[in-house]
Amino acid sequence: MSATFYRHLLHHLDVDFESIPEGDLQLALVDRVRDAQLTERGLLVLVDEAQSMPAEVLEAIRMTTNIMLDGRPRVYAVISGGPKLDETLALPAMEPLTQRVAARCYLHPLKSQETRESVRESISGCGANPDETISDEAIAAVHHACSGVPRLINQLVTCAIDVAAEANEVRITDTIID
């Protein structure tokens, strides 16, 4: 599994990894990342849905953050995931990775008013008028249906836009949300 991770990184770093033996993929990554031509500040690896990754891949991510040049780290990782990620990080085998964690942030469900503000800001950000686009009752229905979970809120509002468009409606109502 870690070989797949290394291949993925090497691919995005424009390294031809096809002829590199599996056991040398990590070394090839070290060589590429230590190349000062890559970037002055190094490489940022963003990992989403980390709760579904095997421990072996999380360890490969940790090992990748060990790459240094002139005493400075060359690779930084931002790992995000669901509640199961905390369970994984609590395992004794994950202690070396856990020791590297600089900050843990948790996104809790939004309160009703926060959902309202978020939906309205998103609509405004798209250049539309929230008052003309979605009713307050629809936003309340979104919050109730999604229990304030931001990802679900975004998904439901996106679906509501599609449903409203198919119905030739210019405003999203609680009926559309239902």
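The preceding data block contains the structure.
Residues numbered from 1 in each chain as written. Predicted model: local features only at pLDDT ≥ 70, side-chain atom pairs only at ≥ 80, totals over all residues. Heavy atoms only, no water.

Asks: Can you explain the overall build of the protein chain? Please cite residues and give values.
Replies: The secondary structure content of the protein chain amounts to 10 helices and four strands. Taking 16 Å as the expected radius of gyration for a compact globule of 178 residues, we find that the protein chain reaches 22 Å, considerably beyond that expectation. Its C-alpha atoms give the protein chain principal-axis dimensions of roughly 60 × 35 × 30 Å. Here the protein chain holds 178 residues, and the buried ones make up 33% of them. For the protein chain, long-range pairs separated by at least 24 residues make up 60% of all intrachain contacts whose partners lie at least 6 apart in sequence. Here the protein chain has roughly 11,500 Å² of accessible surface; of this, 53% comes from carbon and sulfur atoms. Taking the average location of the 15 positive side-chain charges in the protein chain and that of its 28 negative ones, the two points are 8 Å from each other. (Helix = DSSP H or I, 4+ residues; strand = E, 2+ residues; numbered from the N terminus. Rg over C-alpha atoms; globule rule 2.2 N^0.38 Å. Buried < 20%, exposed > 50% of the residue type's maximum accessible area, 1.4 Å probe, protein only. Contact = heavy atoms within 4.5 Å. Areas by Shrake-Rupley, 256 points an atom, 1.4 Å probe, with all protein chains shown as cover. Lys, Arg positive; Asp, Glu negative; His and termini not counted. Charge placed at Lys NZ, Arg CZ, Asp CG, Glu CD.)

Asks: Pulling in residues and values, what's your account of helix α9 (residues 150–166)?
Replies: Helix length check: α9, at 17 residues, gives a terminal C-alpha distance of 25 Å against a target of 24 Å (1.5 Å per residue), a fit within 8%. For α9, the elements touching its buried residues are α6 (112–125), α8 (136–146) and α10 (174–177). (Expected span 1.5 Å × (residues − 1).)

Asks: Describe in detail the side chain of Arg74, supporting the description with residues and values.
Replies: Along the chain, the position of Arg74 falls in the loop between β3 (72–73) and β4 (75–79). There is no salt bridge for the buried Arg74, and the closest opposite charge comes from Asp35, which lies 6.8 Å off by N-O distance. (Salt bridge = Lys/Arg side-chain N within 4 Å of Asp/Glu carboxyl O.)

Asks: Tell me about the nonpolar core, and name the residues and values.
Replies: Ranked by size, the top nonpolar core spans 26 residues in total, and within it Phe5, Leu10, Leu29 and Val33 carry the most contacts. Among the secondary structure elements, those contributing two or more residues to this core are α1 (2–12), α2 (25–33), β1 (43–47), α3 (55–64) and α4 (83–89). With five residues, the top contributor of residues to this core is α1. Contact partners of Leu29, with chain neighbours within four places excluded, come to Tyr6, Leu9, Leu10, Leu13, Thr64 and Ile67. Ranked by size, the runner-up nonpolar core spans 16 residues in total, among them Ile134, Ala138, Ala141 and Val157. (Core = buried A, V, L, I, M, F, W, Y, C linked by side-chain atoms within 4.5 Å.)

Asks: Tell me about α3, and name the residues and values.
Replies: Listed as buried for α3 are Val57, Leu58, Ala60, Ile61, Arg62 and Thr64. Buried positions along α3 lie against α1, α2, β1, β4, α4 and α5 (95–100).

Asks: Explain the pattern of salt bridges to me, using residue names and the numbers behind them.
Replies: Applying the stated criterion across every chain yields a total of eight salt bridges. A salt bridge links Arg7 to Glu22, with the nearest nitrogen and oxygen atoms 3.6 Å apart. Of this pair, Arg7 sits in helix α1 while Glu22 sits in the loop between α1 and α2; the two residues are 15 residues apart in sequence, bridging distant segments of the chain. Under the relative-accessibility criterion, Glu22 is labelled exposed at 55%. In this structure, the salt-bridge partner of Glu59 is Arg62, at a minimum N-O distance of 2.6 Å. Of this pair, Glu59 and Arg62 both sit in helix α3, three residues apart, roughly one helical turn. Each of Asp48, Glu49 and Arg151 takes part in salt bridges that share partners, so that together they form one network.

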